[in-house]
Amino acid sequence: TIIINGGTTTFMMAEFLTEKQLKILTNSFLMAERLLVSSENEIIVPGGRVYREQNVILSPFDNDITQHHYATKMFMSVYGLSLLGLMEADPLLIQAEKRLISQAEELVVLADSSKFTRKAGLILCGLDRVSTVITDTDASDKAVQLLEQHGIHVVTVDPEADTPSRTAPNAPRYTP
């Protein structure tokens, strides 16, 4: 089982999951719909209301289906990254993401290089919760080194290529 949060970056993962046979818990209405029609994956969504602007499904109850699921990895996108941690601009998303993060053993953040300069008023979680950040080759060396100093494995990928361009020696590629 893996968890994938709602977001434009994580939505791009769907095309790479069509040939997999995984259990995927997602709060993304669009991700769930796409995977239902294009793959054999088992799709699990939390019960609740679909918020159109954010395209996420969120239960108003603390005791929802997500608490019964465990995942080895959660793949998520964020509004921004800073030394304080993962940043979000929408309080509704904070509520949804905190539930999902607590159910995953490993947190993998997909963030294009523009997210390193984006600031938001809400902190989702600290960098200590993040195990891996996958970003593009436009991420500054300073930003990458900062994450690595916090013990985060950083994979940079050329947006036009199929393989990571910079990663720790002998590090495995991240595949769900």
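Computed from a prediction, not measured in an experiment: that's the story for all the values here.

**Q** I keep staring at the sheet that holds strand β7 (residues 80–82) and nothing clicks. Help me out?
**A** Hydrogen bonds along the backbone pair up the strands of a sheet, which may run parallel or antiparallel. Pairing is antiparallel in the open sheet, where 3 strands are placed in the order β7-β8-β10. With partners counted over all chains shown, the strands left at the sheet margins are β7 and β10 (122–125), one partner each. Direction aside, neighbouring strands of the sheet carry axes that sit 45 degrees apart on average. Note: strand β8 (residues 85–88) against β10, 3 bridges, orientation antiparallel.

**Q** Can you walk me through the environment of H150 in this structure?
**A** With respect to the helices and strands, the residue H150 is situated in the loop between α5 (141–149) and β12 (153–157). Its relative accessible area of 43% is what places H150 among the partly exposed residues. For H150 and L83, which are 67 residues apart along the polypeptide, the C-alpha to C-alpha distance reads 9.2 Å. When residues no more than four places from it in sequence are discounted, the contact partners of H150 are L83 and L127.

**Q** Just checking my understanding: could you explain α5 for this structure?
**A** Because each turn of an α-helix spans 3.6 residues, side chains separated by three or four positions end up pointing in the same direction. Among all positions of α5, only A143, V144 and L147 are buried. Buried residues of α5, seen end-on, are gathered within an arc of 100 degrees and therefore sit on one face of the element. Exposed residues pointing more than 90 degrees away from the buried face of α5 are listed as K142 and Q149. Count one or two residues on from α5 and you reach G151, which has phi positive near 80 degrees.

Conventions adopted
- Residues numbered from 1 in each chain as written.
- Predicted model: local features only at pLDDT ≥ 70, side-chain atom pairs only at ≥ 80, totals over all residues.
- Heavy atoms only, no water.
- Pairing = 2+ DSSP bridges.
- Helix = DSSP H or I, 4+ residues; strand = E, 2+ residues; numbered from the N terminus.
- Axes fitted to C-alpha atoms, helices over the stretch in contact; angles between N-to-C directions.
- Buried < 20%, exposed > 50% of the residue type's maximum accessible area, 1.4 Å probe, protein only.
- Contact = heavy atoms within 4.5 Å.
- Arc of directions from axis to C-beta.

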